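# Structure assessment
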Amino acid sequence: RTVYVNGEYLPEDEAKVSIFDRGFLMADAVYEVTSVLGGKLIDFEGHAVRLKRSLDELDMQEPCTKDELLEIHRKLVELNGIDEGLVYLQVTRGSDGDRDFVFPDPETTKPSIVLFTQNKPGLADSPAAKKGAKIISIEDIRWGRRDIKTVQLLYPSMGKMMAKKAGADDAWMVEDGYVTEGTSNNAYFVKDGVIVTRPLSNDILHGITRKAVLRMAEEAQLKIEERLFTIDEAKEADEAFTTSASAFVMPVVEIDGTALGDGTPGPIAKRLREIYLDESVKAAI
Ligand code: PLP
């Protein structure tokens, strides 16, 4: 596999970043994951805009222009022959060759940028989406700026492990009695034809897929309520689902051992998945 590191395309075992890199030492880094379908990038623009916002919020410099970023994405997809898969992008604050809590001088320390691809045949026609996901609920103990897409993924990773141990597929996190989001996705339930999801704030990631799916739901005349909701409300729902750039719309069929509806993917989740994939592939670049 060919990867990209700070201006160079290299075989993955030749790519290097410093052990003093603040991404490695302090999780001082942000990332994006863009899906590839039919060899084209899904919602590149959305990811580029959010990356810029994450960098701005952390006073981090842009490592390159948006056009350069697009060029790197496309070249890696081509070099690695990706038809269906993902492009992972990470920008870190870099390193001045020492460890210090204080940010290094941006005049002399440039950000590091790393990209690599992951080949995922069957990403769109996913068996997991046909089955639907089983969810457990766990406490949300993450930091207070979840709107910034940082690489602090230890707790979400632990959440997935807790789910796996419980025989489930994923976890939804709950704070002060209300669902925030999934470990790597935004959370929704549907009751009496109304789609309910948590409003945007610093408490959740502003999902690229969330934005697109809510727009498509609105265009399809579906009712949407952006409000706080509890896990008990979701358990009593007709159906539920999650959204993310790498799993699109994923039906949820069980929450904390309670089956939703007849325990199979619901009609609205299935329809939104179809619409999302259809429109996103048409708009892919
Ligand atoms: N929430 C969290 C915590 C995430 O990690 C992700 C994606 O990685 C999402 C939501 C979904 O965001 P997007 O649709 O932009 O992938």
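Residues numbered from 1 in each chain as written. Predicted model: local features only at pLDDT ≥ 70, side-chain atom pairs only at ≥ 80, totals over all residues.

- An unreviewed UniProt entry lists the protein chain under the name Probable branched-chain-amino-acid aminotransferase, with Phaeobacter gallaeciensis as the source organism.
- We quote the UniProt Function (unreviewed entry) comment for the protein chain here in full: "Acts on leucine, isoleucine and valine." (UniProt positions renumbered as here; feature names shortened; annotations may be inferred.)

## As for the site of the ligand
- The ligand sits among Glu181, Ser184, Asn185, Asn186, Leu205, Gly207, Ile208, Thr209, Arg210, Thr243, Ser244 and Ala245.
- If one sorts the elements of the shell around the ligand by residue count, helix 6 (residues 208–219) sits on top with 3 residues.
- A class-by-class count of the residues in the shell around the ligand yields 3 nonpolar, 7 polar and 2 charged. (Near = placed C-beta within 6 Å. Helix = DSSP H or I, 4+ residues; strand = E, 2+ residues; numbered from the N terminus. Nonpolar A, V, L, I, M, F, W, Y, C, P; charged D, E, K, R; others polar.)

## A word on the domain arrangement of the protein chain
- If you check the domain split of the protein chain, you get domain 1 (2–119) and domain 2 (127–283).
- Summarising the inter-unit geometry, the C-alpha centres of domain 1 and domain 2 are found 26 Å apart.
- Taken together, the contact pairs 21 residues of domain 1 with 13 residues of domain 2.
- In terms of residues, the side of domain 1 that touches domain 2 owes the most to one element, strand 3 (residues 29–37), which gives 8 residues.
- Tallied by class, the residues present in the side of domain 1 that touches domain 2 amount to 9 nonpolar, 8 polar and 4 charged. (Domains from an automatic or database assignment. Contact = placed C-beta atoms within 7 Å.)

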